[in-house]
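Listed here are the chains, written in short residue letters.
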Amino acid sequence: MKRREGLAKLTGRERYVDDLRPSVDGRGRALWAATVRSSVARGRIRSVRFDPAIDWDAFVVVDHRDIPGRNVVKLIADDQPVLAADRVRHVHEPILLLAHPSRSALRRAVRAVTIDIEPESPIFDVCVPPTPEQVQHGTDHPHQEPGQENVFKRLAVDKGDVDAAFAAAAHIVDGTYATGSQEHVYLEPQGVIAHIEGEGDDDVVVVSGSMQCPFYVQGALMMALDREAERVRVVQTSTGGGFGGKEEFPSGLAIHAALLALKARRPVKLIYDRGEDLEASTKRHPSWVRHRTALDADGRLLAQDIDIVMDAGAYVTLSPVVLSRGVIHAAGPYRCANVRIRGRCVLSNRVPFGAFRGFGAPQTLFACERHMDRIAHQLGLDPVSLRRVNLLRDGDSTATSQTIRDGSDRSAVIDQALAMAGWYEKRAAHRAFNATEPWLRRGIGLAVFHHGAGFTGSGEVYLDSRVAVAGLPDGRVEVLTAATEMGQGTITVFTQLAADRLGLPPEDVLIAQPDTARVPDSGPTVASRTAMIVGRLVERACDDLRDRLGLGPEASSGDAVRRAIIAWHEDYARREQSSRDETRDGGVATSAPPLLGQARYQAPPGVLWDDERYRGDAYGAFAWATYVAEVEVDLRTYSARVIDFVAVQEIGKVLNEVLARGQIQGGVVQGIGWALSESFVWRDGAMANAQLTNYVIPTSDDVPSIRVAFQENPYPHGAQGAKGIGELPMDGPGPAIANAIAAALDVDPCEIPLTPETLMDLIDPIVDDASPLCDADPALNNRPSATEGAHGGLIGS
Amino acid sequence: MKLLLPSALDEALDMLAASEAIPMAGGTDLMVHWPQNLDAHSRTYVDLSRIDALRGYRLGADELVLGGATTYWDVIEDAAVCEAFPMLARAARQVGAIQIQTRGTWAGNIVNASPAADGVPVLMAYDASLELVSTRGTEIVALADFYRGYKQMRRTHDQLIRAIRLPRRSYTIEHFEKVGARKAQAITKVGFALTRSEVGWRVVANSVAPTVCRCPAVEEVLTSERTVSAPEGLLPALDQDIAPIDDLRSTAAYRRRVLARVLYACLAPLCPGFGPSKTASPIPPLAGPDEPDR
């Protein structure tokens, strides 16, 4: 089935939030909004001065005193202010809001506000213990242990007896790995429109905008505005990409626009331009992961000891959950009886980090899969053999002691990836190529990994997701969920699922626009859960609709379903009419209660999770994957280029081949950028290269053909057997590319991005400027213990 | 913003002479940060797009003359110009995407005076000279002498580039190289243009100094046919010619070393004095990985 909204997007007819004209309905022209931000990473606000040269009466000005409810953006910890009141914790933190009919007048006005901030000592490196005056979190514990300062969350996984296993090990391999931050670069920057409907105590704040999770935004508005759910309505507009960047971040934006609209009693449009979006929005958490691994003489894993540090930035946002997913994936898809994982996310005074596709797993899987290659190298083993020997088999358990018994042939995924990539042939060809080419080096690398779909542990139970499918009077059906389309294909896949389930043609299935006033809360559009979990609820709601119509689950064609829906409405209308005739109460026509099939989330039987000990069934299902990257490094410019990429995954069931392939290819491109070019220049904890000319995402010219293959082993609790795939492709490219570069150059890269500047230091670390005419380059084979030294000693402290 | 719309060159020159107005051709540099660049909003601009005298170009027997409003695309599209001066099209293709190439002008690239300009190195390596015109008269300045420092040049505010003149020579070597952070839509981190003709070597580098610059010390290494056995052998000469810095896009160390390497890799097959041998790399070949196959 073709993408339903595809043509509108291709032809430019689709309307995004910046294309919308806020409804004015007699309330005057809509206003543009702008945000006045901190220029200091940490400090106390002393004063706010308004340049008298500007006529401020023409502006709507909002500060923290205008917030009717709590001055927090509702999320896990409720620690992030909507608008800073007396202190700031990061550069670009919002302090003041302005609105005005003219955008350029606004830009001038933003510069005419001077905020005087007394600086305090900031933290930009979470691997260095804070000085006492740098402690900003965790000071309220009376018996605070050393190392607890500024730690937002700590997690521990324990399995078996790690110390005993190390004592008996034939080999012990250490490694420390670092990953950089990453910006989502959704095509459409952040933006919302707020307006007020009605008057007085019954007025309703309506926020429309680009977002992944309308009910998160509604909850945040209710808390900050001190309003009941009935008086806050949130509508998702057509969204040009999210990648996690529109999971929690739009909540703050929505509150800002709503505060201005409430004060102005006029519609307010708050749209970030690209520069502001890059500077002020959340990004991927930087990470440092140390592995210490015990192996027997044959390369079998005896024990994995893993320490994880993530920089959370200035506020908690979703960091504890990002850490959680990182911790759970850190040991890789391998069998190991003894595992110890320690993870912590730590406050810094950088712009807060937040949700990003993969959600912690790409960071820890980078470390795991790079470390597997290091182990293979140190033990003289083939990297493929090492992984095969240790790969999870049915009946084995993961680091959290989750027994895997899904019947998937994980080894077959590796086989297909190697065959498609021509792994062994290419390795031989590269040896010949590298021996004769003066300036080019080629290599091939792989990553074997997994990704758990849906919320972690009991998360899905707490979400308590609900979905409805309405039968309409004309016989069509409408699917009502909060799942958002942001380019990944929700509308198309839900159409397919409902059409298949009810036997209807796709054009008889409508998908409701996510609007908190109309749709049930089916949970956020995150965590690779939409097709698998919400899609399954769509199927069950379709079944419920059949039940209500008196049709059995298998019985009856689509025609019968359509006829039954129409008949139900006709019958209903007759009953209404006759009851009106009987009562003769003046004929007040009540709108017909909709014919609704409904479904509510039920955990698959036997899923057990212990959140205290971090043990048990972390995810209902894992997708399994092997990615292979082939790279070419140009020794003139030290730049690496991916020249071939193979992505093979077992994902339960492919619901829509084109969309699934697109998800994988898009994720791989995003992974290539993260691995090779998307590096940050940080200044005072904020992004200095906040321009798309200087923050380098790949162009179509920079990526090779990405060859994708799927294997299917249906998951009984996913829609049509599907498992989640949205985040999976983000996990593999980083380590596969780094491993390929390691093979090409015989170096041992421990961090990404591997920009040309980084590779130069890795390949030729010593610049001998003194010798004017040296005859040979410095030796290439430099294993960079220096890279480890940067952070290794402090991790786990 | 105030926009003046002269329809003839004299009219434009009068406007420039009478005010601090800024000439504007394709507008591509102005657009980059337009929403944020509030200072630029209050200035006066002189639009050059209606002036016939600046349009067009002429390939003669002795020289190529590019009018002051000639775009990159004009050159890309002209087979004869591409054949006579092949580096021009190669450089033009590296400027943004087609939309920019059809708007942006060679003269605009020169007077924007970015050290990373892609059009300027090839013009300079072809010994381009500029015909600067104002109400006070006409002046000819060699492009190689045009820049005085970062964004500083020998153009007074009332002068326009009426034409860029490139002498026709018989080139035995023409090479243009751009190192950016990606294959397209990139700003140069290191680059050079290099020619050899009857008047000798020209080596021009960009993004490694406050201006696009000739590299006379490197040219001297080539002219005197000195032996250079590895990329690092070019560094002493390069260090006299360039002054790279760390910025948002790269580091001074990277720029210096990579310029030496791309120059060396280009010259090694061309110059008898370069390299330990013609075919072998100065970098020792790697031993193959020793892991067993399966």
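The structure presented is a predicted model; accordingly, all values stated were derived computationally and were not measured.

Each value, and the rule that gives it
Residues numbered from 1 in each chain as written. Chains lettered and ligands numbered in written order. Predicted model: local features only at pLDDT ≥ 70, side-chain atom pairs only at ≥ 80, totals over all residues. Heavy atoms only, no water. Pairing = 2+ DSSP bridges. Helix = DSSP H or I, 4+ residues; strand = E, 2+ residues; numbered from the N terminus. Axes fitted to C-alpha atoms, helices over the stretch in contact; angles between N-to-C directions. Contact = heavy atoms within 4.5 Å. Patch = residues over 30% accessible without salt bridge, like charges linked within 9 Å, V, L, I, M, F, W, Y side chains within 5 Å. Areas by Shrake-Rupley, 256 points an atom, 1.4 Å probe, with all protein chains shown as cover. Salt bridge = Lys/Arg side-chain N within 4 Å of Asp/Glu carboxyl O. Core = buried A, V, L, I, M, F, W, Y, C linked by side-chain atoms within 4.5 Å. Buried < 20%, exposed > 50% of the residue type's maximum accessible area, 1.4 Å probe, protein only. Domains from an automatic or database assignment. Buried area = accessible area lost by both parts, 1.4 Å probe.

## Considering the sheet that holds strand β6 (residues 129–134) of chain B
Residue and element names in this part refer to chain B.
Okay, step 1: If you walk across this open sheet you meet the five strands as β4-β5-β10-β6-β7, and the pairing is antiparallel. Here the strands that pair on one side only, and so sit at the sheet edges, are β4 (57–59) and β7 (137–142). Across this sheet, the average inter-strand angle for adjacent strands is 20°, counted without regard to direction.
Okay, step 2: Both β4 and strand β5 (residues 63–67) contribute to a ladder of three bridges, which runs antiparallel. What sits directly across from Leu-59, in β5, is Leu-64.
Okay, step 3: The sheet contacts of helix α1 (residues 9–18) involve β6 and β10 (160–167), and relative to β10 the element is tilted by about 120°.

## Quick notes on a nonpolar patch on the surface
Okay, step 1: A contiguous nonpolar patch, built from Met1(B), Leu3(B) and Leu5(B) and spanning about 280 Å² of accessible area, is present on the exposed surface.
Okay, step 2: With respect to the helices and strands, Leu5(B) occurs in the loop between β1 (2–4) and α1.

## Brief notes about the environment of Leu106(A)
Okay, step 1: Locating Leu106(A) in the fold gives a position in helix α2 (residues 103–111).
Okay, step 2: For Leu106(A), the residues in contact, after removing those within four places along its chain, are Trp32(A), Ala33(A), Ala34(A), Phe59(A), Leu98(A), Ala99(A) and His100(A).

## Some details on the nonpolar core
Okay, step 1: Formed by 145 residues in total, the largest nonpolar core has its most connected members in Ile341(A), Ile737(A), Leu259(B) and Leu263(B).
Okay, step 2: No other element matches helix α12 (residues 252–267) of chain B, which puts 10 residues into this core.
Okay, step 3: Ile341(A) has contacts with Leu155(A), Ala156(A), Val157(A), Ile306(A), Ile308(A), Val327(A), Ala330(A), Ala331(A) and Ala399(A), leaving out every residue within four places of it along the chain.
Okay, step 4: Membership of the second largest hydrophobic core comes to 40 residues, among which are Ala84(B), Met153(B), Leu166(B) and Tyr171(B).

## As for the pairing of strand β5 (residues 94–100) of chain A
Residues and elements named next belong to chain A.
Okay, step 1: Buried residues dominate β5, accounting for seven of its seven residues.
Okay, step 2: In this structure, strand β1 (residues 31–37) lies alongside β5, joined through six bridges in antiparallel fashion. Residue pairing across strands places Ala-33 opposite Ala-99, the latter belonging to β5.
Okay, step 3: Where strand β3 (residues 60–62) lies against β5, three bridges are found, and the strand directions are antiparallel. Bridging across to β5, Val-62 finds its partner in Leu-97.

## A few points about the pattern of salt bridges
Okay, step 1: Throughout the structure, instances matching the rule amount to 76 salt bridges over all chains.
Okay, step 2: Residue Asp305(A) pairs with Arg340(A) through a salt bridge whose shortest N-O separation is 3.1 Å. Here the residue Asp305(A) occupies a position in strand β14 (residues 301–313), and Arg340(A) occupies one in strand β15 (residues 338–347), the gap between them amounting to 35 residues.
Okay, step 3: Looking at Asp305(A), the relative accessible area reads 6%, which means it is buried.
Okay, step 4: In this structure, the salt-bridge partner of Asp508(A) is Arg562(A), at a minimum N-O distance of 2.9 Å. Residue Asp508(A) is located in the loop between α13 (490–502) and β19 (509–511), and its partner Arg562(A) is located in helix α15 (residues 558–583); the two are separated by 54 residues in the primary sequence.
Okay, step 5: Residue Asp508(A) is classed as buried on the basis of its relative accessible area of 13%.
Okay, step 6: Ionic contacts of the salt-bridge type, sharing partners, join the residues Asp127(B), Arg169(B), Arg202(B), Arg214(B) and Glu219(B) into one network.

## Brief notes about the domain arrangement of chain B
All names here are of chain B.
Okay, step 1: Domain boundaries assigned for chain B yield domain 1 (2–35 + 52–167) and domain 2 (173–267).
Okay, step 2: Summarising the inter-unit geometry, the C-alpha centres of domain 1 and domain 2 are found 23 Å apart.
Okay, step 3: Where domain 1 abuts domain 2, roughly 1,800 Å² becomes buried across the two surfaces, and 61% of that area is made up of carbon and sulfur atoms.
Okay, step 4: Together, Gln-94, Pro-115 and Pro-121 form the three largest contributors to the area buried by domain 1 at its contact with domain 2, with a combined 25%.
Okay, step 5: The tally of links from domain 1 across to domain 2 stands at three salt bridges.
Okay, step 6: Here Arg-214 and Asp-127 are joined by a salt bridge, their closest N and O atoms 3.9 Å apart.
Okay, step 7: When contributions to the side of domain 1 that touches domain 2 are tallied by element, the ones reaching two or more residues are α6 (86–92), α9 (119–125) and β8 (147–149).
Okay, step 8: The element best represented in the side of domain 1 that touches domain 2 is α9, accounting for five residues.

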